[in-house]
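# Working through the structure, step by step
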Amino acid sequence: MKKTSTRLADGRELIYYDSRDDAVRDAEDRRPLPHGETLSELRHDPVLDEWVVVAAHRQGRIYHPPADECPLCPSRDGRLSEIPEPDYEVVVFENRFPSLATHPHPEQVRATPPHVIRPAAGRCEVVCFTPDHDASFADLTPRQVATVLEAWTDRTAELSALPGVEQVFCFENRGAEIGVTLGHPHGQIYAYPFVTPRTERMTAAAAAHRRETGRNLFEDQLAAERVSGERIVVAGEHWTAFVPFAAHWPYEVHLYPNRRVRDLLALNDDERAEFTHVYLDLLRRFDLLFTAEEPGQEGSTGGAVNRTPYIAAWHQAPVRHGAGAREGADELALHMELFTIRRTVGKLKFLAGSESGMDVFINDVAPENAARRLREVKP
């Protein structure tokens, strides 16, 4: 893989990832962009002991532009975009409207107990998976997915080395129902200055499981699913995809490497190669979930593929591990969580009173039925 780093007109970093060593990326950003100012701050919620990011400047970000004004398409035919080159394979660049600030204002630090404010130091990046505006991740070839995986891995390494970064999160939101404001196939990477609440809970659960059983929680989870087989969707030599026993979402799949590793950097060549096929298989199954073939449903799509809105989230261990890490951090296992907010044809799973008010999920589909349905729809 060839990596080429450059700067956009306003000073933000942009990185090209190419599978060819002879790729030349020397186009300059010719837009008259002013240097932006990020006014994000972290506010501590003392009741839940969580950090909330307040990023009021993001209200002005680009919202559902027409396809011929997409900022993630290559710069062609006189139209200048975020990517100066007329073509690309995979591109990563600093978000123009980031939630976290690469260079925060130090005067934002203040504390008037119980209220505490910190600078929202961190980094937010955009990952463009393909130059094809009308494609989706599921349309990529295994070779293209391999390049995306290399980009995710490289960014995890680079961002983990930044001062103050505690966790790196690679993810993709797809679909207007999810809240996506740019239709071009892309994902994001957040480098947080704290360990996220979800990971804190996983860490605590893994530490408790180790104390009680002497074993690793994630290894036990995966082993139990592989023995049962009832909720397995795809099983490979190096990866297993399954609907979790207590799935929160109607259609939710967790994808684990069969060998426990803490982050993307630890994957070996065989695991990387198989991931490209298993992940594409999963995404294509998701796109076939809500077609006319779904039994007992009205609102037929005539058998056509109806692209499913989803969130795909990589869970990696916090940056700090070993001596000085919080208890349970070394127990965490790399895995992907893929889920959709759609529960059936034309109907969404809304997070209402119980979910939003009390964080207690109520699932409309039995996990075993969801797994069976995902096995039935074959790409």
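The present account deals with the structure reproduced in this document. (Residues numbered from 1 in each chain as written. Predicted model: local features only at pLDDT ≥ 70, side-chain atom pairs only at ≥ 80, totals over all residues. Heavy atoms only, no water.)

This part is about the packing of helix 1 (residues 142–160) against helix 4 (residues 269–287). Two numbers describe how helix 1 lies on helix 4: the axes approach to 9 Å, and their chain directions differ by 115 degrees. Considering how the two elements wind past one another, helix 1 and helix 4 form a crossing that is right-handed. When helix 1 is examined against helix 4, the residues Pro142, Val145, Ala146, Leu149, Glu150, Trp152 and Thr153 are found in contact with a partner set consisting of Arg272, Phe275, Thr276, His277 and Leu280. Within the contact of helix 1 with helix 4, the residues separate by chemical class into seven nonpolar, three polar and two charged. (Axes fitted to C-alpha atoms, helices over the stretch in contact; angles between N-to-C directions. Helix = DSSP H or I, 4+ residues; strand = E, 2+ residues; numbered from the N terminus. Left-handed = near helix turned anticlockwise from the far one by under 90°. Contact = heavy atoms within 4.5 Å. Nonpolar A, V, L, I, M, F, W, Y, C, P; charged D, E, K, R; others polar.)

Let's shift gears to the pattern of salt bridges. With the rule as written, the count across this model stands at 33 salt bridges. Close ionic contact of Arg20 with Asp22 constitutes a salt bridge, the shortest N to O distance being 3.2 Å. For Asp22, a relative accessible area of 55% puts it in the exposed group. Within the structure, one salt-bridge network assembled from shared partners comprises Lys3, Arg7, Glu13, Glu94, Arg123, Glu125, Asp154, Arg155 and Glu158. (Salt bridge = Lys/Arg side-chain N within 4 Å of Asp/Glu carboxyl O. Buried < 20%, exposed > 50% of the residue type's maximum accessible area, 1.4 Å probe, protein only.)

Tracing the chain through its elements places Arg272 in helix 4. Buried and unpaired, Arg272 has Glu150 as its nearest opposite-charge partner, separated by 4.3 Å. A polar atom in the side chain of Arg272 sits 3.0 Å from the side chain of Thr153. Contacts of Arg272, omitting those with residues within four sequence positions, involve Leu149, Glu150, Thr153, Leu264, Leu265 and Leu267. (Lys, Arg positive; Asp, Glu negative; His and termini not counted. Polar contact = N/O pair within 3.5 Å; in protein donor to acceptor, adjacent residues only side chain to side chain.)

A few words on the packing of helix 2 (residues 197–213) against helix 3 (residues 217–228). Packing of helix 2 against helix 3 leaves a shortest axis separation of 8 Å and a crossing angle of 85 degrees. The orientation of helix 2 relative to helix 3 falls into the category roughly perpendicular. Of the residues in helix 3, those in contact with Met202, Ala205, Ala206, His209 and Thr213 of helix 2 are Leu217, Phe218 and Asp220. A breakdown of the residues in the contact of helix 2 with helix 3 according to their chemical character gives five nonpolar, two polar and one charged. (Parallel < 35°, antiparallel > 145°, perpendicular 65-115°, else oblique.)

Quick look at helix 2 now. Along an α-helix, residues three or four positions apart point the same way, because every turn accommodates 3.6 residues. In this model, helix 2 (17 residues) spans 24 Å end to end at C-alpha, consistent with the 24 Å of a helix rising 1.5 Å per residue. Summarising the contacts, the buried residues of helix 2 are in contact with strand 9 (167–174), helix 3, strand 14 (310–315) and strand 15 (335–340). (Expected span 1.5 Å × (residues − 1).)

Either a parallel or an antiparallel arrangement is found when strands of a sheet pair, and the pairing is made through backbone hydrogen bonds. One open sheet accounts for 11 strands, arranged 1-2-5-8-10-9-14-15-13-12-11; its pairing is antiparallel. Unpaired on one side and paired on the other, strand 1 (2–7) and strand 11 (232–235) mark the two borders of the sheet. In this sheet, neighbouring strand axes are inclined to one another by 20 degrees on average, regardless of whether the strands run parallel or antiparallel. Pairing geometry for strand 13 (residues 251–257) and strand 15, over five bridges, is antiparallel. Within the sheet, the bridge partner assigned to Tyr251 lies in strand 15 and is Thr340. Contacts between helix 3 and the sheet are confined to strand 11, strand 12 (239–242), strand 13 and strand 15, with strand 12 contributing the most and set at about 75 degrees to the helix. (Pairing = 2+ DSSP bridges.)

Function cannot be inferred from these measures alone, as they are strictly geometric.
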